[in-house]
Every structure is written in structure tokens, then in C-alpha cells.
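One letter stands for each residue in the lines below.
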Amino acid sequence: MNEARFIELALTNGVNREILERLPELGLEDAWLVSGSLFQTVWNGLTGRAPGYGIKDYDIFYFDPDTSWEAEDEEIRRAVERFDDLGVEIELRNQARVHLWYEEKFGLAYPPLRSSCEGIDRFLAPACMVGLQADMTLYSPCGLDDIENMIIRPNPVPNFNAERHEEKARRWKEKWPELKVVSAR
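Model, not experiment: these values are computed from the prediction.

Enquirer: When you look at the overall build of the protein in this model, what are you seeing that I'm missing?
Expert: Along its length, the protein carries eight helices and seven strands. Expected size for 185 residues packed as a compact globule is a radius of gyration near 16 Å; at 16 Å, the protein falls within 12% of this value. Viewed in the frame of its principal axes, the protein has a C-alpha envelope of about 40 × 35 × 25 Å. Look at the contacts in the protein between residues 6 or more apart in sequence, and 69% of them connect residues 24 or more apart. Working note: accessible area of the protein is about 9,000 Å², and carbon and sulfur atoms make up 49% of it.

In C-alpha cells:
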């Protein structure tokens, strides 16, 4: 699958389209719509399902050197207000802050990031490692083959967690039985 086809399929989901259209209004640095809402919409296109089928939430990454909880909380409130009419759950996260809470939540150290793309690089599976900016810049460091072929395989990064990988793969396989899952164990 080439980038143009990926973007075409990802934009069949009207929520993705609206988020990307409105995202610049928030004025966030290094802002990306990432992961599930993109690759799952593509899976839906490949399997003939409705574009929004199975999508739990819509993740947006940005990078702000202000790592205070208050600053991120304010941006989350602004995003909720801006996207409220879409009727979906928006997960907005400042990637400059992830190292401050990740270990407590997931039990693994997480070195500080220098960009939103570094956050995308640390997703649990190559099929998840995708981001799209409002100007249609696509970031997919492992390419698009695993997405097109519906393969979920471990991403060997330091923060990899086999249990989380297996849990997400099971949840996705229930929605998309066509998935091929490579075990992390």
C-alpha cells in the first residue's frame, strides 16, 4: 500500500477528516492524529466494514516543552471543547510529559521523548506506528505493509510489554478476525 492509498482510506472516516481539519485551530506544536483511528479505519476499508467500526478513541499527540500537568490539562480541555460535537472520545497527550507518568502506569521506564514521532516509534506493534498531520504528512517509520496485510507483531522497543501487546491483539482480533497476530511470547 502506498501513502496516497493509506491516506485515502484513513479519510473515509469522517471523524478523522474533521479532526485533521480542525487540529491547526488548537495551535499545538508537532501535532499528529495517531495510531488506531488511522490503521483501524484502513482495516475497515480493506474488509468492507463501516469506516468508524471498532474504533475506541482518537489519539492526538503533540509536543510542548512545558511538561506541567496544568498545561497539558488545559490543552485537553481545549481539545474536548473543539471536538465535542464529533461524539467520540479524544485522547490528547503531550509527548514531552510521557516519561513523567508512564512507569507508574505501566511499570516500565520510559526515557524522555524529543518529538511526537518518537512517541509513535514506541508503539507496541509496527501496524500501530502511524501518524497523520493536518497537511497530510504521513509518518510511518515501519512502512504500511503490516497495516495492509493486517499483521500485528511485536515492536522490539525498550518499553515493550508482552501482556499489553497480547491484550490489544486479542481485542482487535475480536473486531477484525482477519488479523494475523504474531505472539510476543
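On we go from here.
Enquirer: I would appreciate a short explanation of the layout of surface pockets in the present structure.
Expert: Which parts of space are left empty comes out when a probe the size of a water molecule is rolled across the atoms. What the largest pocket holds in volume is close to 920 Å³. What lines the largest pocket is a set of 37 residues, among which Asp 59, Phe 106, Phe 123, Arg 164 and Lys 168 lie closest to the centre. Elements with a contribution of two residues or more to the lining of the largest pocket: helix H3 (36-47), strand E2 (58-62), strand E3 (90-94), helix H5 (98-106) and helix H8 (162-175). Ranked by residue count, the leading element in the lining of the largest pocket is H8, at six residues.

Enquirer: Before we go on, may I ask you to explain helix H2 (residues 14-22) in this structure?
Expert: Every α-helix winds through 3.6 residues per turn, so residues three or four apart in the chain are directed the same way. Turning to H2, its buried residues are Val 15, Asn 16, Ile 19, Leu 20 and Arg 22. The N-capping residue of H2, defined by a side-chain oxygen 2.9 Å from the backbone nitrogen of Val 15, is Asn 13.

Enquirer: Honestly, the sheet that holds E3 in this entry has me stumped. Any pointers?
Expert: Spatial ordering of the open sheet is given by E3-E2-E1-E4-E5, a layout of five strands whose pairing is mixed. Looking at the sheet topology across the chains shown, the edges are occupied by E3 and strand E5 (138-139). The pairing of E2 with E3 spans five bridges and is classified as parallel. Its bridge partner being in E3, Tyr 62 is matched across the sheet by Asn 94. Of the strands in this sheet, E2 and E3 are in contact with helix H4 (residues 69-83), which crosses E3 at around 150°.

Enquirer: Mind showing me how you'd approach the side chain of Gln 133 here?
Expert: Summarising the element assignment, Gln 133 is placed in the loop between strand E4 (131-132) and E5. A polar contact is formed between the side chain of Gln 133 and the backbone oxygen of Ala 31, at a distance of 3.4 Å. When sequence neighbours within four positions are dropped, the list of residues in contact with Gln 133 reads Leu 20, Asp 30, Ala 31 and Trp 32.

Enquirer: So what exactly am I meant to see when it comes to the packing of aromatic side chains here?
Expert: Any two aromatic rings considered together are summarised by their centre-to-centre distance and by the angle between their planes. A full pass over the atoms with the stated rule returns ten aromatic pairs. When the ring of Phe 61 is compared with that of Phe 123, the centres are 5.6 Å apart and the planes differ by 35°; the resulting orientation is tilted. Highlighted residues: Phe 61 in strand E2 and Phe 123 in the loop between helix H6 (116-121) and E4, separated in sequence by 62 residues. Side by side, Phe 61 and Phe 123 carry an identical accessibility label, which is buried. Between Arg 122 and the ring centre of Tyr 110, over which it is positioned, the NZ or CZ distance is 4.5 Å.

Enquirer: Explain the packing of helix H1 (residues 3-10) against H3 to me, please; I cannot follow it from the model alone.
Expert: The angle between the axes and the distance between the axes are what describe a pair of packed helices. In contact at an axis separation of 8 Å, H1 and H3 are set at 90° when each is read in the N-to-C sense. Taken together, the axes of H1 and H3 are roughly perpendicular relative to one another. On H3, the residues that touch Phe 6, Leu 9 and Ala 10 of H1 are Leu 38, Phe 39, Thr 41, Val 42, Gly 45 and Leu 46. The residue makeup of the contact of H1 with H3, split by class, is seven nonpolar, two polar and no charged.

Enquirer: Any chance you could explain the pairing of E2 here in plain terms?
Expert: The side chains of a regular strand alternate between the sheet's two faces. Burial of E2 is extensive: four of the five residues sit out of reach of the surface. You can see the chain leave E2, run along H4 and come back into E3, and the turn it takes is right-handed.

Enquirer: Is there a simple way to think about H1 in this case?
Expert: Taken together, the buried positions of H1 are occupied by Phe 6, Ile 7, Leu 9 and Ala 10. Looking straight down H1, one finds that the buried residues subtend no more than 165° of arc, so they occupy a single side. The backbone nitrogen of Ala 4 lies 3.2 Å from a side-chain oxygen of the residue at the head of H1, namely Asn 2.

What counts, and where the lines are drawn
- Residues numbered from 1 in each chain as written.
- Predicted model: local features only at pLDDT ≥ 70, side-chain atom pairs only at ≥ 80, totals over all residues.
- Heavy atoms only, no water.
- Helix = DSSP H or I, 4+ residues; strand = E, 2+ residues; numbered from the N terminus.
- Rg over C-alpha atoms; globule rule 2.2 N^0.38 Å.
- Contact = heavy atoms within 4.5 Å.
- Areas by Shrake-Rupley, 256 points an atom, 1.4 Å probe, with all protein chains shown as cover.
- 1 Å grid on protein atoms, 1.4 Å probe; cavity = no way out; pocket = protein on both sides within 12 Å on 5 of 7 lines; lining within 4 Å.
- Points joined across faces, edges and corners; volume = space filled by probe spheres on them.
- Buried < 20%, exposed > 50% of the residue type's maximum accessible area, 1.4 Å probe, protein only.
- Polar contact = N/O pair within 3.5 Å; in protein donor to acceptor, adjacent residues only side chain to side chain.
- Pairing = 2+ DSSP bridges.
- Axes fitted to C-alpha atoms, helices over the stretch in contact; angles between N-to-C directions.
- Phe/Tyr/Trp six-rings, centres within 6.5 Å; stacked < 30°, edge-to-face > 60°.
- Lys NZ or Arg CZ within 6 Å of the ring centre and 35° of its normal.
- Parallel < 35°, antiparallel > 145°, perpendicular 65-115°, else oblique.
- Nonpolar A, V, L, I, M, F, W, Y, C, P; charged D, E, K, R; others polar.
- Right-handed = clockwise from strand over helix to strand, strands pointing away.
- Arc of directions from axis to C-beta.

Read these as layout, nothing more, since geometry by itself doesn't imply function.
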